[in-house]
Amino acid sequence: MVKKLSDDARAALLPGLPAWTLDAARDGIARSFRFKDFVEAFGFMSRVALLAEKADHHPEWSNVWNRVDILLTTHDAGGLSQRDIDLAKAIDAL
Ligand SMILES: C[C@H](O)[C@H](O)[C@H]1CNC2=NC(N)=NC(=O)C2=N1
């Protein structure tokens, strides 16, 4: 059963994800992306979707034209878990 990250774990892990911000209300990490146009944005979303399926861990996200907003939080844990950290790193590596 996946558990929420402790405060110490968060303090150790979040600095390694400088492009992501902690959304305290949702207890997740968030990042906004801007692309040249919709096609670029949708292509990015397609690549993230494949990462998510491979990880069996899925983003909460929205897309408006060239903008993609992603929130990563673990529903099974009720908040931020290692799975969110791992998926954020995989997204950053795209
Ligand atoms: C049954 C399946 O493994 C679970 O529902 C997975 C799917 N993707 C998920 N994604 C996220 N963000 N949180 C989860 O708890 C989660 N659980």
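Residues numbered from 1 in each chain as written. Predicted model: local features only at pLDDT ≥ 70, side-chain atom pairs only at ≥ 80, totals over all residues. Heavy atoms only, no water.

(A) Spatial organisation of the overall build of the chain. Assigned secondary structure in the chain consists of 3 helices and 4 strands. The order of α-helices and β-strands along the chain, N terminus first, is α-β-β-α-β-β-α. Its C-alpha atoms give the chain a radius of gyration of 13 Å, within 12% of the compact-globule value 12 Å for 94 residues. For the chain, the spread of C-alpha atoms along the principal axes amounts to about 40 × 25 × 25 Å. Residues counted as buried form 36% of the 94 residues belonging to the chain. Taking contacts inside the chain between residues at least 6 apart in sequence as the whole, the part at least 24 apart equals 62%. Summing over all exposed atoms, the chain offers an accessible surface of approximately 5,600 Å²; the carbon and sulfur share of this is 56%. Taken together, the 12 basic and 14 acidic charged side chains of the chain have centroids lying 2 Å from each other. (Helix = DSSP H or I, 4+ residues; strand = E, 2+ residues; numbered from the N terminus. Rg over C-alpha atoms; globule rule 2.2 N^0.38 Å. Buried < 20%, exposed > 50% of the residue type's maximum accessible area, 1.4 Å probe, protein only. Contact = heavy atoms within 4.5 Å. Areas by Shrake-Rupley, 256 points an atom, 1.4 Å probe, with all protein chains shown as cover. Lys, Arg positive; Asp, Glu negative; His and termini not counted. Charge placed at Lys NZ, Arg CZ, Asp CG, Glu CD.)

(B) A look at the pattern of salt bridges. Tallied over the full model, the rule gives 5 salt bridges. Among the salt bridges present, the one from arginine 10 reaches aspartate 27, with a minimum N-O distance of 2.7 Å. Of this pair, arginine 10 sits in helix H1 (residues 7-13) while aspartate 27 is found in the loop between strand E1 (21-23) and strand E2 (28-34), placing the two residues 17 residues apart along the sequence. Taking the relative accessible area as the measure of exposure, arginine 10 reaches 13% and is therefore buried. (Salt bridge = Lys/Arg side-chain N within 4 Å of Asp/Glu carboxyl O.)

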